[in-house]
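What follows is the residue order along each chain.
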Amino acid sequence: MLDELFTISTLVGILHSCVRLATPYLFAALGETFGQRSGVLNLGVDGIMLMGAFFAFYAVFEGHNLWVGVLVAIAIGVLMGLLKAFVSVTMQSLQGISGIGLYLFGLGLSSLLFKTLIGSVEGVSGFRQLAIPLLSDIPGLGHILFNHNALVYLAYLMVPLSWFVINRTTLGLKIRAVGHNPEAADTLGVSVNGVRYATLMIGGALAAVAGASLSIGLQNVFQENMTNGLGFIAVALVYFGSWRTVGVLGGSLLFSLVNALQLWVQALDIPVPSEVAVMMPYIMTIVVLAFTARQIQKPAALARSYERGE
Amino acid sequence: MRNAAEMRMADSPQKARWRRVTEQRMNTRLYLAKLIDVLLPVLAMVIALVVGVLLLFLLGTDPIEAYSALIQGALGNISGITQTLTKATPLLLVGLGICIAFRGGVINIGGEGQIVVGALAATAFGVGFRDLPALVLLPLTLISGAAAGLIWGGIPGLLKARLGVNEILTTVMMNQIALRLMNFLLRGPMLDPEHVAAGTSIPQSAALPESIWLPRLVPRTLFHSGAILAVLLALAVYFLLWRTTIGYRIRAVGLNPHASRYAGIPVAKYVTLSLALSGMLCGLAGAVEVLGVHHRMLEGLSGGYGFSGIVAALFGKLHPLGAIPASALFGALLVGADKMQRAVQVPSALAIALQGLVVLFVVSSDLYVRRRTRRRVGDDGPAGPPAAEGNTRESIAEV
């Protein structure tokens, strides 16, 4: 039975699914990285994802272009990011708890809108597979890496892009300064609150696209609470990847690999208790965090509100 | 410090009058400030409801019709009221757990998972030792639920205290692990043998022996005596936090871990304890749900109580006694929303969105409370939740 899992074609299929399923993790966790590098912990990612997933789906459901759906999701994500920024930057509220508020708001509102505006579970035709010429013809590897829809490619493009923005641009320098030492950044004329608003809006936009990648890219339906806590995993992935984009990529692939394995084990009807297997990435994340919590240097001002002294 | 009356006697008449007037003014200010503290959550609720009206209006439904169906459903008759109180019971238990965690300076987002493992352990014990006499079995079943929650909350607590692992992340992970564990157990080892025999595949456990079902408080309703247990525990948590050394230390660590360490309090131990106790109460909530309402373990039993309990605790100003009316209110909101969905077809998800808004407004209004507290140095009354999260939580990790 088990050797069915280890044929070449199955392995290629699993790795293809793994690359594909990492998409929402990547978008959401990279977005969260921006916020955390500037010192704001946004625990409401899951709520933003659900809102993005719904609005992208609704736009497409109403007959608009898929990219219009993505843009609508981005707009909603920016708005949700603004809300989070207002509550936790301007009003200096407890960041963990305001994130829970944002999550519940997004969860409730997306379900409310879905039930009122659509009603039943419907499908749309989402982003299609876009095989990259020549590269996708490489045996095995071509299918694994170069036979995906546009959002998947975009997610992987975001990894070097985020790295570049955070590490090689003025904005990135400001983000890191604000996250590490807001007092010093403020003294040098960097607007601490301004930078944090910006990162939360970027994070919101990416989280919403993560949601859209589920509803119009991978699953092509919208269901209540369809993210199933994925947004919370994304927050943990940022810690897991020690606030580096490459680390986030590794963590995302780990989680998606387990998802892919579970999918294939079910599809092939292999009698492995898959519930036990899917616990593994969560347990591993805890173990990794336990071993690294003291070693990694996190943004020093993470989850700390900044208020100018008088 | 000298007694105020003594000081007054020593003063000249003029000075005494001045002192009296100032004292009165300060008392009035203090009283007003406390009143505002209590009213702020209510105000947050009102604003959330107003936003809800706008939402419903935009969606083309009649807000007044919806809200009256909600209130009517939750409080309009005996059935509604008992359902409200039945829902309030787990909310209160979870809310109490959240109060302890918050007061100890840690955030417990793992309520959902702790409820699930509590319910699983209680069911496993109750079904497994069904032949024990009820008088022994019932308390042991409750205890096994509480113990499972204690472990589920204690692990993140220990990891935070010893290794500095962020408890928000670990409790979130523990939620996912608990859900996976439930899916596995309810489809395998704990699946009801009768269901297997009948060939149905509903993932639920066997029923608990009827002798240990929590007695109903109102016949022919779901309202059970777990509510009394929850209220008694609210008093107990109040006593623990404000009348015992352990509680004093938990709160001291929550307010300032550095100072607590210099005062000789073993900070790590109390961080672990806050999260473990918090998990214990959530685990108990799961056990009470099983023993009082469902009488078996089934999927969806946690029903979002892990999050709604946070909302109720915040609404009750993180005070165990404040959590009692707060959980009744949110119980009513949840029950009313279900009834509203059936009566006027407005989705019950509205209640979740409203809860989210209440949280956002309550945490935002804290800014006002904190600013005032800072101005009013010297007042030693309870000043709302522990100071800025960053100051306390992050530094615990470093201690």
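Residues numbered from 1 in each chain as written. Chains lettered and ligands numbered in written order. Predicted model: local features only at pLDDT ≥ 70, side-chain atom pairs only at ≥ 80, totals over all residues.

Asker: Help me understand the overall build of chain A in this model?
Answerer: Looking only at helices and strands, one finds 12 helices and two strands in chain A. Along its sequence from the N terminus, chain A presents helices and strands in the succession α-α-α-α-β-α-β-α-α-α-α-α-α-α. Dimensions of chain A, computed from C-alpha atoms along their principal axes, come out at roughly 70 × 45 × 40 Å. Taking all 310 residues of chain A together, 54% fall into the buried category. A fraction of 78% describes how many contacts in chain A between residues 6 or more apart in sequence connect residues 24 or more apart. (Helix = DSSP H or I, 4+ residues; strand = E, 2+ residues; numbered from the N terminus. Buried ≥ 20, exposed ≤ 12 C-beta atoms within 10 Å, placed from the backbone. Contact = placed C-beta atoms within 7 Å.)

Asker: Which parts of the structure should I look at to understand the overall build of chain B?
Answerer: The helix and strand tally for chain B stands at 16 helices and zero strands. Taken over the C-alpha trace, chain B has a radius of gyration of 23 Å; the compact-globule value for 399 residues is 21 Å, and the two agree within 12%. Reported as C-alpha extents along the three principal axes, the dimensions of chain B are approximately 90 × 55 × 35 Å. For chain B, the residues scored as buried account for 52% of the 399 residues in total. Pairs at least 24 residues apart make up 77% of the contacts formed inside chain B by residues separated by at least 6 positions. (Rg over C-alpha atoms; globule rule 2.2 N^0.38 Å.)

Asker: Any chance you could explain the confidence of the model for chain A here in plain terms?
Answerer: The predicted coordinates ought not to be read in detail in places where the model reports low pLDDT. Chain-level statistics for chain A give a pLDDT mean of 90 and a share of 96% at 70 or above. At the low end of the mean pLDDT range in chain A sits helix α12 (residues 274–292) of chain A, at 81; at the high end sits helix α2 (residues 45–61) of chain A, at 97. (pLDDT = per-residue confidence, 0-100.)

Asker: Just checking my understanding: could you explain α2(A) for this structure?
Answerer: Three or four residues apart is the spacing at which side chains of an α-helix point the same way, because the helix has 3.6 residues per turn. Taking 1.5 Å of rise per residue, the 17 residues of α2(A) would be expected to cover 24 Å, and the 24 Å separating its terminal C-alpha atoms lies within 8% of that figure. When you tally the buried positions in α2(A), you get 16 out of 17 residues, the bulk of the element. (Expected span 1.5 Å × (residues − 1).)

Asker: Quick question: what am I supposed to make of unusual backbone geometry here?
Answerer: With the exception of glycine, most residues fall at negative phi, and the peptide bonds are largely trans. One non-glycine residue, Lys317(B), lies in the positive phi region at around 60°. Relative to the helices and strands, Lys317(B) is located in the loop between α13 (305–315) and α14 (323–344).

Asker: How should the nonpolar core be read in this particular structure?
Answerer: Note that soluble globular proteins tend to have their nonpolar side chains buried in a common cluster. Counting 225 residues, the largest nonpolar core has Ala56(A), Ala208(A) and Val358(B) as the members making the most contacts within it. Aside from chain neighbours lying at most four places away, what touches Ala56(A) is Gly69(A), Val70(A), Val72(A), Ala73(A), Gly211(A), Ala212(A), Ser215(A) and Ile216(A). (Core = buried A, V, L, I, M, F, W, Y, C linked by C-beta atoms within 7 Å.)

Asker: What should I look at first to understand the interface of chain A and chain B in this one?
Answerer: Interfaces are frequently sized by the accessible area removed from exposure as the parts join. Counting residues at the interface gives 45 residues for chain A, matched by 41 residues for chain B. For the side of chain A that touches chain B, the element with the highest residue contribution is helix α4 (residues 95–118) of chain A, accounting for 17 residues. Partitioned by chemical class, the residues of the side of chain A that touches chain B number 29 nonpolar, 12 polar and four charged. (Nonpolar A, V, L, I, M, F, W, Y, C, P; charged D, E, K, R; others polar.)

Asker: Where do I start with the packing of α2(A) against α4(A) in this structure?
Answerer: For any two helices packed against each other, one specifies the inter-axial angle together with the distance between the axes. Residues and elements named next belong to chain A. Running from N to C, α2 and α4 point in directions that differ by 20°, and their axes come no closer than 7 Å. By the angle between their directions, the pair α2 and α4 is classed as roughly parallel. At the point where α2 passes α4, the crossing takes the left-handed sense. In this structure, α2 uses Asp46, Gly47, Ile48, Leu50, Met51, Phe54, Tyr58 and Phe61 to contact α4, whose residues at the interface are Leu102, Tyr103, Leu104, Phe105, Gly106, Leu107, Leu109, Ser110, Leu113, Phe114, Leu117 and Ile118. Residue classes in the contact of α2 with α4 are distributed as 16 nonpolar, three polar and one charged. (Axes fitted to C-alpha atoms, helices over the stretch in contact; angles between N-to-C directions. Parallel < 35°, antiparallel > 145°, perpendicular 65-115°, else oblique. Left-handed = near helix turned anticlockwise from the far one by under 90°.)

Asker: Explain the environment of Trp163(A) here, please?
Answerer: Residue and element names in this part refer to chain A. Along the chain, Trp163 falls in helix α6 (residues 150–168). For Trp163, a count of 18 C-beta atoms within 10 Å gives the class partly exposed. When the C-alpha atoms of Trp163 and Gln219 are compared, they prove to be 28 Å apart, with 56 residues separating the residues in sequence.

Asker: Explain the environment of Glu194(B) here, please?
Answerer: In this structure, Glu194(B) sits in helix α8 (residues 193–198). Considering only alpha carbons, one finds Glu194(B) and Ala207(B), 13 residues apart in sequence, at a separation of 9.9 Å.

Asker: Please clarify how helix α7 (residues 170–180) of chain A should be interpreted in this entry.
Answerer: Within α7(A) the residues assigned to the buried category are Lys174(A), Ile175(A), Ala177(A), Val178(A) and Gly179(A). Against the buried residues of α7(A) lie α1 (8–37), α6, α8 (182–187) and α9 (192–218) of chain A.

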